[in-house]
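Coordinate analysis (summary)
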Amino acid sequence: MVIHKIKEFMIYLIQNNIKKAVILKKENINYFLEKCPPTYSILIFDVERDKIILKVPEMEYQSAIFHSTKYISVEVFNKLEEDFRYCNGVEDSFPVKYLKYIDKDYKIISDKLNEMKSIKNPDEIELIKKSAKISDKAIEFATDYILNSKEPITENQLSAEIEYIMKKEGSIKPSFDTIAISDKKTSQPHGAPSNDIIKNILLMDIGATVEGYCSDISRTVILNRDYKKYEEIYNIVNNAKKEAENNLKAGVSVKELDKIAREEMGKYSKYFTHSLGHGVGTEIHESPSISQKSINNIILKENMVITLEPAIYLDNFGVRIEDLYVVKKNGFKKLSNARILEY
């Protein structure tokens, strides 16, 4: 499937009079290789020479040589200024310090890359599926661990257990900093774990990485069943997610899907302070953004991989439930399948 990406991108470069594009962002290099790239590497699309070259420092060459294919060659780079010469296509994250080495009339290629990355091929979906299976196991373990433990457990302890399970199951690294937070801290969408003892309510948001492809899943676990507000908000969030799922398919706009989830929340929708979801691939946040605030009202397409993560954050606690999906013509295929507790 890599060849289809290469052909499409080369056609784009030719049509836009880009004679040489240099890709520095590791996640974008990963996209074209469909494998984790060397730590230090650049990918060059040399249109005039009809060559694609993965350049690495000498110390990385032996570990990078397996990336060599019929379409991509691997070479050692000596001076970056030489590799940048005649380049007129770069990413929007291209470092300012290197601008002096490229053509003054350079063009930004990021929009095209983001567009291509938003729709996954079968190989990419399989890698994300493997990643999701790993995060499923880790979050299932963590849920059972916290519900059955007779000893106090800290947020950092649980985070460590989650990351250990993911690593043991084959994840290269977490796809983002593991979130395992409890009590009032759950009102923070991206709260960081600490040595606080887990109590009352637990929010976990985790992800694994397989060959550079990410997964993303969130679960909330109620530990104090006496405080009924937890269950009330939990069920509102869970029902909003179910309603969004009922409408998830190719042809639906991101703004409409976001609106559906918020309407299901009723008066609590004002406490849902982020987008409904986002694309996932070699980056944990990719196009499309499933949001009413989206600048472009993107229409979902078949084989986009997205999350749905409705949430409500009150002053003293929050609830978020998140899963990962492949958009299909008449619905979706769920990639994350850890159980969602019912209350």
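Heads up: the structure comes first, above all this text.
Described below are features of the structure shown in this document. (Residues numbered from 1 in each chain as written. Predicted model: local features only at pLDDT ≥ 70, side-chain atom pairs only at ≥ 80, totals over all residues. Heavy atoms only, no water.)

**Points about the packing of aromatic side chains**
Applying the stated criterion to the full structure yields 17 aromatic pairs. Relative to tyrosine 145, the ring of phenylalanine 141 lies with its centre 5.6 Å away and its plane at 25°, an arrangement referred to as stacked. Taken as a pair, phenylalanine 141 and tyrosine 145 lie in helix 6 (residues 122-148) at a separation of four residues, close to a single helical turn. Relative accessible area serves as the criterion here: at 32%, phenylalanine 141 is assigned to the partly exposed category. Through pairs of rings, three or more aromatic residues link up here, namely Phe9, Tyr12, Tyr31, Phe32 and Phe45. In this arrangement the basic side chain of arginine 262 is found over the ring face of phenylalanine 272, its NZ or CZ atom lying 4.1 Å from the centre. (Phe/Tyr/Trp six-rings, centres within 6.5 Å; stacked < 30°, edge-to-face > 60°. Helix = DSSP H or I, 4+ residues; strand = E, 2+ residues; numbered from the N terminus. Buried < 20%, exposed > 50% of the residue type's maximum accessible area, 1.4 Å probe, protein only. Lys NZ or Arg CZ within 6 Å of the ring centre and 35° of its normal.)

**Remarks on the packing of helix 6 against helix 7 (residues 155-168)**
The geometry of a pair of packed helices is captured by two quantities: the angle between their axes and the separation between those axes. Two numbers describe how helix 6 lies on helix 7: the axes approach to 8 Å, and their chain directions differ by 145°. By crossing handedness, the relation of helix 6 to helix 7 is classed as right-handed. Residues Ile134, Ser135, Lys137, Ala138, Phe141, Ala142 and Tyr145 of helix 6 lie in contact with helix 7, whose contacting residues are Leu158, Glu161, Ile162, Ile165 and Met166. In terms of residue class, the contact of helix 6 with helix 7 is made up of nine nonpolar, one polar and two charged. (Axes fitted to C-alpha atoms, helices over the stretch in contact; angles between N-to-C directions. Left-handed = near helix turned anticlockwise from the far one by under 90°. Contact = heavy atoms within 4.5 Å. Nonpolar A, V, L, I, M, F, W, Y, C, P; charged D, E, K, R; others polar.)

**Observations regarding helix 2 (residues 26-33)**
Burial runs high along helix 2: six of the eight residues are buried. Here helix 2 has its buried residues at Asn28, Ile29, Asn30, Tyr31, Phe32 and Leu33. Just downstream of helix 2 lies glutamate 34, where phi reads positive at about 60°.

**Description of the nonpolar core**
Residues Phe9, Leu13, Phe32 and Phe45 are the most contacted members of the largest nonpolar core, which totals 91 residues. Of all the elements, helix 6 adds the most residues to this core, at nine residues. If near-sequence neighbours (up to four positions away) are discounted, phenylalanine 9 is found in contact with Ala21, Ile23, Phe32, Phe45, Ile109, Lys112, Leu113 and Met116. The next biggest cluster of nonpolar side chains, apart from the first, holds 10 residues, and it includes Phe77, Phe84, Cys87 and Phe94. (Core = buried A, V, L, I, M, F, W, Y, C linked by side-chain atoms within 4.5 Å.)

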